[in-house]
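Survey of secondary and tertiary structure
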Amino acid sequence: MEILIEDPITTCLSPSVYDMICKLGFEARENCHISSIVTQNGEVCWTTITDCVVYTESAQGLDYGGSVRLLGPVCQAVHLHLSSLTKGQFETRYSPGLQWTGVPELFPEMFDALGSLQSLAISLSLMKLTSCLERALADVYLLIGKECPFLLRDLIASEELAQVFGQSVMDVLKVFVGSPCGLNLRNVLWHGFAAPQEIPPKYCSMMILLTAGLGQLLKGYLQQTKFTLAHRPFITLTSLEDLIVFPDVTYEVLSVLEEVMKKSTFILKIMLPYWEVALINFKSNRFADCAILLLVQLETGLRKVFATVNKCPKRLLTAESTALYTTFDEILAKHLNDGKINQLPLFLGEPAMEFLWDFLNHQEGPRLRDRLSHGEISLPEFPKEAANQLLAFSFVLLLRFIDEDLLSVFKQEKAAVRALVLSCERSIGVWPLLPLPEGSEREAQRSEGNSEINACRSLITEIVAELCHHVPETHRVPHDSEHLPPEKWPQLLRELCSIPVRTLFCPRAVLEVLAVLRKIGAHCRRVCGQVAACAELRRRQWEDRSLRSRQRRNYLRLVHSIKLLSPMLYLILLLIALELVNIHVVLGKNTSEYQQYLRFLKSILQYTENLAAYTSQDKNKWDEAVNLTQAALLKIWTFSEKKQMLIHLAKKSASKVV
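Being a predicted model, the structure only gives us computed values, none of them experimental.

Another aspect to go through is the overall build of the protein. Looking only at helices and strands, the protein has 28 helices and 0 strands in total. The proportion of buried residues among the 658 residues of the protein is 57%. Contacts spanning at least 24 positions in sequence make up 77% of the contacts within the protein whose residues lie at least 6 apart. Accessible surface for the protein amounts to roughly 29,400 Å². Of this, 52% is attributable to carbon and sulfur atoms.

See below:
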């Protein structure tokens, strides 16, 4: 599909940015002796560095070009110095000053990258360095500040950090990573503007030394103030299974991908090395490195498509300091800055856009690019599943720009809530197949006569019957009896989950409801798995006669409770599926009605959370689970009688139209 801006593109840096990064720091030829920059023990001499920062005549701003020009020889001296050290010497001199980052183990890897002379490894090192530096600076900020700025440039410009490190030191950081007027190394790399060979290695060396020097200054500040630096815990990516769209990437797929990369017009030729190393990292189980490179290059490639379909080829380049960069935020937005419709979503299609939004933008999602670039995720613990999904999506996207016939590959419907519902339905379907242990049949039969459970099951049947009236006619399940028999409920769920639901560019209210439905589904799936696992384990223990008397009674309570939990979970899944189909109707509720509806959903969420706790192997509180279920069932019945669910509002809206 040759619709993209024609290659060869030799750079994605605008002329002034290219000059700033690739030329200005090489204009001054004078030699700078390393002894004036750092001592034999690794102590950074900040005065030599800060003296290179030039201010404008009004003294109210920095002369970034002049500063980069003077700092060039300093950076070169530092680079030659680090290149002359062994790894042991580097760690002895600089590791103490790097402990404050919370991830000192990253820096020996960066030292190795410098020694390798591989430009891509150095660029990747700089990306990881700026992310961990940002995270560490934010931790320092919180020693004396409260709400930490989200952007690195605002963090570096803060009075709080100037109070800790000194304003002249923070001005040095502004030149390197804190302003679009300076080198702006963090942004040109993380937003995919810089090709590997466009980042001079000496700037990576200088950033390592500056980070160690900041640690030395911080040590003095902490000794003086008696403060203790506390690092915030990393964010753990959870519920990724809810977002899985693609199967695992196999070695066969990787070999095909290696060939596709060379042919796809989605990839700029100057950026191809990033893709090649991303694959190498995936094969080497370095999943964070793989994800970083893929995310950066997805932004580069999508910017290329964005610039083409919106007929603004100049947006492919880095903007000047007076204008915004074209980043993911604008690339994925519904409208352009001038109010016109962004053509990219229409061109890519909703499934692709939903994937990008789910992984990058949604507040409930993993927001991979944000969290990696801001240092919020532990790189060694980055999950393979996330890298796998990014790589598989990239593969599909690259195929899109090879052959028109391959567009059909993209037509995949993604819906995390529906996936949860269907997963639960399959799990509950196994429960009746769990064999009762020999000798427990009589007790199980006796539980059939439990009047409370039978009354609840009858009420569930009534509610399900009422809900069935709101199923679209084209997806109803034929049956002979007055009420839909329980054995037909799974078929109904599958029918409802086949109905496509638009979730792209949705208003906040829709996304908020969708998030709660997703959480309810996730807890239901957890309950389903726990009940099945516990029942199977206890059955084996019963047959092995390894259960004590109390455990035998508890197992019979489990068998007894399943008779209520199974239809109750089906009811909740049916409710989720129906509300999901009608989710956009929530916009018809006024503020008061919306809050009431949200409270109802959150009460169901609370029930599923408590049920997940009661049914866990360490709790096994089956009687309590039954009591909890009875109370939740009454809430659902009461709210259903008020006709305030989305299915009821949808029916009213349809009646008005007729």
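Continuing now.
Note on helix geometry: an α-helix contains 3.6 residues per turn, so any two residues three or four positions apart are oriented the same way. The terminal C-alpha atoms of helix α26 (residues 591-614) lie 34 Å apart, and with 24 residues this matches the ideal 34 Å at 1.5 Å per residue to within 8%. Turning to α26, its buried residues are Tyr594, Tyr597, Leu598, Phe600, Leu601, Ser603, Ile604, Leu605, Tyr607, Thr608, Leu611 and Ala612. Between the side-chain oxygen at the start of α26 and the backbone nitrogen of serine 592 there is a gap of 3.1 Å, and the oxygen is on asparagine 590.

Moving on, we come to the nonpolar core. Most often, soluble globular proteins have nonpolar side chains that are buried together. Counting residues in hydrophobic clusters, the biggest one holds 150 residues, and the most contacted among them are Phe165, Phe176 and Phe382. Counting 81 residues, the second largest nonpolar core, distinct from the first, contains Ile460, Ala577, Trp622 and Met645.

Take the packing of helix α3 (residues 64-84) against helix α4 (residues 87-98) next. With their axes 8 Å apart at the nearest point, α3 and α4 run at an angle of 125 degrees to one another. It follows from the interaxial angle that α3 and α4 lie oblique. The segment α3 lies against α4, with His81, Leu82 and Ser84 engaging Gln89, Phe90, Arg93 and Tyr94. Broken down by class, the residue content of the contact of α3 with α4 amounts to 3 nonpolar, 3 polar and 1 charged.

Attention now goes to empty space enclosed by the protein. The full count for this structure, using the stated rule, is 3 cavities of 30 Å³ or more. Taken as a whole, the second largest cavity encloses approximately 40 Å³ of empty space. Around the second largest cavity sit Leu517, Ile520, Ile572, Leu575, Ile576, Glu579, Phe600, Leu601 and Ile604, which together line it. The set of elements that each furnish at least two residues to the lining of the second largest cavity consists of α24 (508-543), α25 (549-581) and α26. Among the elements that take part in the lining of the second largest cavity, α25 stands out by supplying 4 residues, more than any other. In terms of residue class, the lining of the second largest cavity is built from 8 nonpolar, no polar and 1 charged.

Here we come to the pattern of salt bridges. Under the criterion given, the structure shown has 18 salt bridges. When the shortest N-O distance is used, the salt bridge between arginine 186 and glutamate 134 registers 4.0 Å. Of this pair, arginine 186 sits in helix α10 (residues 185-190) while glutamate 134 sits in helix α6 (residues 119-144), and the two are 52 residues apart along the sequence. You can call arginine 186 buried: its relative accessible area is 9%. In this structure, the salt-bridge partner of lysine 174 is aspartate 171, at a minimum N-O distance of 3.7 Å.

Another aspect to go through is the packing of aromatic side chains. Aromatic ring pairs are described here by two measures, namely the spacing of the ring centres and the angle between the planes. Summed over all chains, the structure comprises 15 aromatic pairs. Each member of the aromatic cluster is reached from another via a ring pair, and the members are Phe246, Phe355, Phe359 and Phe393. Lying across the ring of phenylalanine 193, arginine 303 places its NZ or CZ 3.8 Å from the centre. Sitting above the plane of the phenylalanine 347 ring, arginine 400 keeps its charged end 4.6 Å from the centroid.

Within the secondary structure, histidine 648 sits in helix α28 (residues 646-657). Taking the C-alpha atoms as reference points, histidine 648 and asparagine 582, 66 residues apart in sequence, are found 9.5 Å from one another. Dropping the residues within four chain positions of it, histidine 648 is found in contact with Glu466, His470, Ser640 and Lys643.

The subject of this paragraph is the side chain of threonine 101. Examined against the element boundaries, threonine 101 turns out to sit in the loop between α4 and α5 (106-116). What makes threonine 101 buried here is its relative accessible area of 5%. In this structure threonine 101 touches Phe107, Ala136, Thr211 and His231, once residues within four positions along its chain are discounted.

In total, this model carries 0 disulfides according to the counting rule given. Unpaired in terms of disulfides, cysteine 52 finds its nearest cysteine sulfur in cysteine 32, a separation of 6.7 Å.

Tracing the backbone shows serine 427 in helix α20 (residues 416-430). For the pair serine 427 and arginine 525, spaced 98 residues apart in sequence, the C-alpha separation works out to 7.9 Å. Setting aside anything within four residues of it in sequence, one finds serine 427 in contact with Cys528 and Gly529.

Attention shifts here to α5. Turning to α5, its buried residues number three or more, namely Leu106, Phe107, Pro108, Met110, Phe111, Ala113 and Leu114. If you follow the buried residues of α5, they end up packed against α3, α4, α6 and α11 (201-225). Once α5 ends, the next one or two residues include leucine 117, with phi positive near 65 degrees.

This part covers the side chain of histidine 81. Here histidine 81 shows up in helix α3. Once residues lying within four places of it in the same chain are set aside, the contact partners of histidine 81 are Ile34, Val38, Arg93 and Tyr94.

At lysine 226, a residue that is not glycine, the phi angle is positive and equals roughly 65 degrees. Within the secondary structure, lysine 226 sits in the loop between α11 and α12 (251-263). Residue lysine 226 is classed as exposed on the basis of its relative accessible area, which comes to 70%. The backbone of arginine 367 shows a phi angle near 45 degrees, a positive value even though the residue is not glycine. Relative to the helices and strands, arginine 367 resides in the loop between α17 (350-361) and α18 (368-373).

It is at 11 Å that the axes of α3 and helix α9 (residues 167-178) come closest, and there the two elements cross at 95 degrees. As the angle between them shows, α3 and α9 are arranged roughly perpendicular. Residues Tyr64, Ser67, Val68, Leu71 and Cys75 of α3 form the contact with α9, whose participating residues are Lys174, Val175 and Phe176. A class-by-class count of the residues in the contact of α3 with α9 yields 6 nonpolar, 1 polar and 1 charged.

Attention shifts here to the environment of threonine 50. Position of threonine 50 among the secondary structure elements: in helix α2 (residues 46-50). The buried category is assigned to threonine 50, whose relative accessible area is 15%. When the C-alpha atoms of threonine 50 and valine 172 are compared, they prove to be 6.4 Å apart, with 122 residues separating the residues in sequence. Excluding its chain neighbours within four sequence positions, the residues that come into contact with threonine 50 are Ser168, Val169 and Val172.

Here is what the cut-offs are and how they apply
- Residues numbered from 1 in each chain as written.
- Predicted model: local features only at pLDDT ≥ 70, side-chain atom pairs only at ≥ 80, totals over all residues.
- Heavy atoms only, no water.
- Helix = DSSP H or I, 4+ residues; strand = E, 2+ residues; numbered from the N terminus.
- Buried < 20%, exposed > 50% of the residue type's maximum accessible area, 1.4 Å probe, protein only.
- Contact = heavy atoms within 4.5 Å.
- Areas by Shrake-Rupley, 256 points an atom, 1.4 Å probe, with all protein chains shown as cover.
- Expected span 1.5 Å × (residues − 1).
- Polar contact = N/O pair within 3.5 Å; in protein donor to acceptor, adjacent residues only side chain to side chain.
- Core = buried A, V, L, I, M, F, W, Y, C linked by side-chain atoms within 4.5 Å.
- Axes fitted to C-alpha atoms, helices over the stretch in contact; angles between N-to-C directions.
- Parallel < 35°, antiparallel > 145°, perpendicular 65-115°, else oblique.
- Nonpolar A, V, L, I, M, F, W, Y, C, P; charged D, E, K, R; others polar.
- 1 Å grid on protein atoms, 1.4 Å probe; cavity = no way out; pocket = protein on both sides within 12 Å on 5 of 7 lines; lining within 4 Å.
- Points joined across faces, edges and corners; volume = space filled by probe spheres on them.
- Salt bridge = Lys/Arg side-chain N within 4 Å of Asp/Glu carboxyl O.
- Phe/Tyr/Trp six-rings, centres within 6.5 Å; stacked < 30°, edge-to-face > 60°.
- Lys NZ or Arg CZ within 6 Å of the ring centre and 35° of its normal.
- Disulfide = S-S within 2.5 Å.

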